[in-house]
Structure formats: C-alpha cells, structure tokens
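Chain and residue survey
Each chain is listed here by its residues.
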Amino acid sequence: MIEITKNLYQFSVYIPPMDFTIHQYLLASDPAILFAAGTVQQANMILPDIHKILGDRPLKYVFVSHMESDEAAGLFVLQKTWPDLIVICGNLAARELPGYGYTGKIKAVSGKTAMTDAGLDLHFFDYPAEVHGQNGVLCLEKNSGIFYSADLFLRFGNGIGKTMDASWRDEVMAIDAARIPDASQRKNLQDSLLGIRPALAAVGHGFCLKCR
C-alpha cells in the first residue's frame, strides 16, 4: 500500500515474467471509493489495508471500468465485508457481474453522465473497445482531480509507487488503434478527454501520470 497522492492509496502486484504491474486504488474520500476490485486474491490481500485506512467508515463504492478479472473478480469478497457496497460500472458490466459471483447493488452509468455524493463528484466517459472489444467506462473524480484510466495508458514495467510527468494532451492524442480500433469512437473519446485536465491519471497498469 502506497499513498500515491493525497488520500489516494495504490495497491499493486508486479509480475516479473511479464514485466507488468496491476494496480487498484482507494480514494479515501467521504464516501470512499475503490477503483478496480482486483482478482479474488488481490481483494483478499487489500482488505486489511482498506480497514486500516478507513477505520470505522465503510467502503461505499467500487468503480469497475470493464469486465476483466483484475477489475471485477474480487467483488464478492468485498461484498462479504460491506454488504451495502455499490458497484458503479457500464451497462455491459452491469449485466455480467453476477458471473463473478456479485449479487449486490449496481449503478450503471455511461459517458457524459455524472453523479455526486457528499465529497465525491464523479464524471464518466465511454471507453469503447478497450483490450477486449467491449464497451466500458472511465472515471474522473473532479474534487481530487483523479482520473482512473484503466487500460487506456497501459505501460509495461514495475510501476509500484512510481509516477511520471506527462502532458495530458500528448497522452490523449497518442491513443492509437491498438487501444481504440474504431477511428470515430477513438476521436470521440479523445475529444471528451481533451475537455478535462486531471491532476493525476491513476493507471490500471504501469506508471501513474502527473498531468500538466
């Protein structure tokens, strides 16, 4: 567990044979939100740290960007501890989450929508294609300036606790067909992302981006 920026805690697993890092993030806002549930193993590993950070406060939300084991498989583990947990995800994931054993509350969202809850101000962006050709969502928490980018800015290497300075515009414009194959959908996402200026991109894999 590393506090990567104020109130944002990074939980990570590095896989040397792949030179690949998998991250989850707890934003210890009020209410608190976890970006990516992780695998079953990862969810079990981070439970003690979440309790330590939040104390008596519950984990109210988990944001799931898309249907993949490192995003969603550990949800039922978290639900056992916090039965009133609410998963925020796209429409496809909302239909598929029971396949991971999750039976709790779900709030389905789509791009260009937002939701607020006390200290949270969440804005969502359609995430077309991603690695598996599915429709997902990305999330900006506007009060903190944290943008959870899932696989969009993926980089290989051991990114545990590491950040790199980056031009937000350059990172957005570098999104290519390997990330979003459909050109029109890629341009729509880029146009949407150029309308924001996050302080930090909390990446699913690799190195967090301190944006300028």
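Residues numbered from 1 in each chain as written. Predicted model: local features only at pLDDT ≥ 70, side-chain atom pairs only at ≥ 80, totals over all residues. Heavy atoms only, no water.

What about the packing of aromatic side chains?
- Inspection of the entire model under this criterion finds nine aromatic pairs.
- With centroids separated by 6.3 Å and ring planes inclined at 65°, the aromatic side chains of Tyr25 and Tyr148 adopt a geometry described as edge-to-face. Residue Tyr25 is found in strand β3 (residues 20–27), and its partner Tyr148 is found in strand β11 (residues 146–150); the two are separated by 123 residues along the sequence.
- Residue Tyr148 is classed as buried on the basis of its relative accessible area, which comes to 0%. (Phe/Tyr/Trp six-rings, centres within 6.5 Å; stacked < 30°, edge-to-face > 60°. Helix = DSSP H or I, 4+ residues; strand = E, 2+ residues; numbered from the N terminus. Buried < 20%, exposed > 50% of the residue type's maximum accessible area, 1.4 Å probe, protein only.)

What about the pairing of β11?
- β11 sits mainly inside the fold: five of its five residues count as buried.
- Burial of β11 is two-sided: the residues Ile146, Tyr148 and Ala150 facing one way and the residues Phe147 and Ser149 facing the other way are all buried.
- Sheet topology places strand β10 (residues 136–141) next to β11; three bridges connect them, and they run antiparallel. By the bridge assignment, Leu140 is partnered in β11 with Phe147.
- Hairpin geometry of β10 and β11 is characterised by an intervening segment of four residues between the two adjacent antiparallel strands and by a positive phi of about 80° at Gly145.
- Two strands pair when backbone bridges link them, and β11 and strand β13 (residues 200–203) are joined in this way by four bridges, in the parallel orientation. If you follow Ala150 over to β13, its bridge partner there is Val203. (Pairing = 2+ DSSP bridges.)

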